[in-house]
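Read off the chains here:
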Protein chains: 2
Amino acid sequence: MAIAELLFFAYRDFIGEPDSVLQEYGFGRAHHRVLHFVWRHPGMRVADLLDILNITKQSLARVLKQLVDDGLVLQEEGANDRRERRLHLTEKGLVLADKLSAFQRKRISRALAEAGPEGCSAVRQFLLSMVAEEDQPRVRELIEAKVAPDMWRAREVERHD
Amino acid sequence: MAIAELLFFAYRDFIGEPDSVLQEYGFGRAHHRVLHFVWRHPGMRVADLLDILNITKQSLARVLKQLVDDGLVLQEEGANDRRERRLHLTEKGLVLADKLSAFQRKRISRALAEAGPEGCSAVRQFLLSMVAEEDQPRVRELIEAKVAPDMWRAREVERHD
DNA sequence: AAATATAAGTCAACATGGCTGACATAACTG
DNA sequence: CAGTTATGTCAGCCATGTTGACTTATATTT
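Residues numbered from 1 in each chain as written. Chains lettered and ligands numbered in written order. Predicted model: local features only at pLDDT ≥ 70, side-chain atom pairs only at ≥ 80, totals over all residues. Heavy atoms only, no water.

> What is the right way to look at the layout of surface pockets in this model?
It is a probe the size of a water molecule, rolled over the atoms, that shows where empty space is left. In this structure, the largest pocket occupies an estimated 960 Å³ of space. Lining the largest pocket are 37 residues, with Tyr11, Ile15, Arg29 and Arg33 of chain A together with Tyr11 of chain B sitting closest to its centre. Breaking the lining of the largest pocket down by element, the ones donating at least two residues are helix 1 (2-14), helix 2 (16-25) and helix 3 (29-40) of chain A together with helix 1 (2-14), helix 2 (16-25), helix 3 (29-40) and helix 5 (57-69) of chain B. Partitioning the lining of the largest pocket into residue classes produces 18 nonpolar, seven polar and twelve charged. Reported here for the second largest pocket is a volume of approximately 230 Å³. Around the second largest pocket sit 15 residues that line it, and Val46, Ala47, Arg83, Glu84 and Arg85 of chain B are the ones nearest its centre. Taken together, the elements giving at least two residues each to the lining of the second largest pocket come down to helix 4 (46-53) and helix 5 of chain B. Sort the elements by how many residues they give to the lining of the second largest pocket and helix 5 of chain B lands first, with six residues. Tallied by class, the residues present in the lining of the second largest pocket amount to six nonpolar, one polar and eight charged. (1 Å grid on protein atoms, 1.4 Å probe; cavity = no way out; pocket = protein on both sides within 12 Å on 5 of 7 lines; lining within 4 Å. Points joined across faces, edges and corners; volume = space filled by probe spheres on them. Helix = DSSP H or I, 4+ residues; strand = E, 2+ residues; numbered from the N terminus. Nonpolar A, V, L, I, M, F, W, Y, C, P; charged D, E, K, R; others polar.)

> Quick question: what am I supposed to make of the environment of Phe126 of chain B here?
Along the polypeptide, Phe126 of chain B turns up in helix 7 (residues 119-130). If we skip the residues at most four places from it in the chain, Phe126 of chain B touches Ile108, Ala111, Leu112, Ala115 and Val123 of chain A together with Ile3 of chain B. (Contact = heavy atoms within 4.5 Å.)

> So what exactly am I meant to see when it comes to the protein's contact with DNA strand C here?
Taken together, 25 residues sit near DNA strand C, with Arg33, Thr56 and Arg62 of chain A together with Lys57 and Arg83 of chain B positioned nearest. Sugar and phosphate atoms form 55% of the subset of DNA strand C atoms that lie within 4 Å of the protein. In this structure, Ala30 of chain A approaches DNA strand C through a main-chain N or O atom, which is 3.3 Å from a phosphate oxygen. Breaking the surface near DNA strand C down by element, the ones donating at least two residues are helix 3 and helix 5 (57-69) of chain A together with helix 4 and helix 5 of chain B. Residue contributions to the surface near DNA strand C peak at four residues, all from helix 3 of chain A. (Near = heavy atom within 4 Å. Polar contact = N/O pair within 3.5 Å; in protein donor to acceptor, adjacent residues only side chain to side chain.)

> Any chance you could explain the packing of helix 1 of chain A against helix 1 of chain B here in plain terms?
A packed helix pair is summarised by two numbers, namely the angle formed by the two axes and the spacing between the axes. Axis separation between helix 1 of chain A and helix 1 of chain B bottoms out at 11 Å; the angle between their running directions is 125°. As far as their axial angle goes, helix 1 of chain B and helix 1 of chain A are oblique. Pair helix 1 of chain A / helix 1 of chain B crosses with left-handed handedness. Residues Ala4, Leu7, Phe8, Tyr11 and Phe14 of chain A of helix 1 of chain A form the contact with helix 1 of chain B, whose participating residues are Ala4, Leu7, Phe8, Tyr11 and Phe14 of chain B. Partitioned by chemical class, the residues of the contact of helix 1 of chain A with helix 1 of chain B number ten nonpolar, no polar and no charged. (Axes fitted to C-alpha atoms, helices over the stretch in contact; angles between N-to-C directions. Parallel < 35°, antiparallel > 145°, perpendicular 65-115°, else oblique. Left-handed = near helix turned anticlockwise from the far one by under 90°.)

> What's the story with the pattern of salt bridges in this structure? I'm lost.
Here the idea is simple: oppositely charged side chains can pair when their charged atoms come close. Across all of its chains, the model carries 24 salt bridges over all chains by this definition. Between Asp98 of chain A and Arg105 of chain A there is a salt bridge; the shortest N-O distance is 3.6 Å. Linking Arg82 of chain B and Glu77 of chain B is a salt bridge whose minimum nitrogen-to-oxygen distance equals 3.5 Å. Owing to a relative accessible area of 48%, Glu77 of chain B belongs among the partly exposed residues under this scheme. (Salt bridge = Lys/Arg side-chain N within 4 Å of Asp/Glu carboxyl O. Buried < 20%, exposed > 50% of the residue type's maximum accessible area, 1.4 Å probe, protein only.)

> Hey, could you run me through the interface of chain A and chain B in this one?
Across the contact, 50 residues belong to chain A and 50 residues belong to chain B. Across the chain A/chain B interface, buried area totals approximately 5100 Å², and carbon plus sulfur atoms make up 73% of it. Taken together, the links from chain A to chain B amount to two salt bridges. Between Asp135 of chain B and Arg12 of chain A there is a salt bridge, and its shortest N-O distance comes to 2.6 Å. At the boundary of chain A and chain B, one finds 14 residue pairs in polar contact (both at pLDDT 80 or more). Elements with a minimum of two residues in the side of chain A that touches chain B: helix 1, helix 3, helix 4 (46-53), helix 6 (91-115), helix 7 (119-130) and helix 8 (136-144) of chain A. (Buried area = accessible area lost by both parts, 1.4 Å probe.)

Here you go:
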């Protein structure tokens, strides 16, 4: 059971540094998650974000509104479907997202180095296998794609066939 | 940066199943953490738990009191220092802790299997390296010990030399 | 013995970020 | 046109984190 505890401590410290930075900006962990996913997958829709974060529309709306109001996130009408709000980061948003991510990148690359060269793929496989089975294909696609706006939508359509 | 996202999804689903079970008992994630650490390290003091969880005494008190009142956790006076409350699980507490842990054990062992035989130690090393450097020795001791009441105390004393 | 330090508990107030339920608006779809 | 979908919003609740001030019991130091 040591892995369970390691995972707890690892995650605790993984989010610890960004948390303190966020506090200076008046944001919290929830803002970080939104910022991160919009950063990595610009053009993402609100519904995609809801799926990823596993939270309610109302919870997301609260933080998303703040990020938009504070000029970190832009919403633009979907090209095909004008109901959609495709999400992007502004320059200001990019700066913060990158700053937060820097801490995490550093920690991860140090940890990967200490896990050894073949350890990297083992870690990757382990983490993916920890994800709920039904979400694994989506997570796989998500992390492989640099930009993944419509891919997500296509998958949604498939599932309802 | 894919690892950051994998870690997010892995952790999200790692705590997902126990969360639903806890809800039936009227408990939350905070209770789970207390239950887990007291389970793995019976005889732990309140101060140790505070150190591990990185939360305030008042936050801990709220959930700990509920667990004691509901008969899942026992507090007994320290043998040497009667100010201490050494924490233990009751039979009822053991049952729930084990039930919650079962989901996580299953998920972890499946994921480790898919990471391969040498993958296991790589994962372990990776997670340990993700922990804040100053906490790594303590975490190492904690996860290696089956029971770790006074070890923690000894370390505290050392540090103030 | 008196002073101080430590372990734990408590009260009050507040912030964050989840939740439910109800409802509104605009735009797409059949 | 009718129904569905994507998004937003209002209102209130709950869990769990925070700070600050204070108490009690016990241990340690002077």
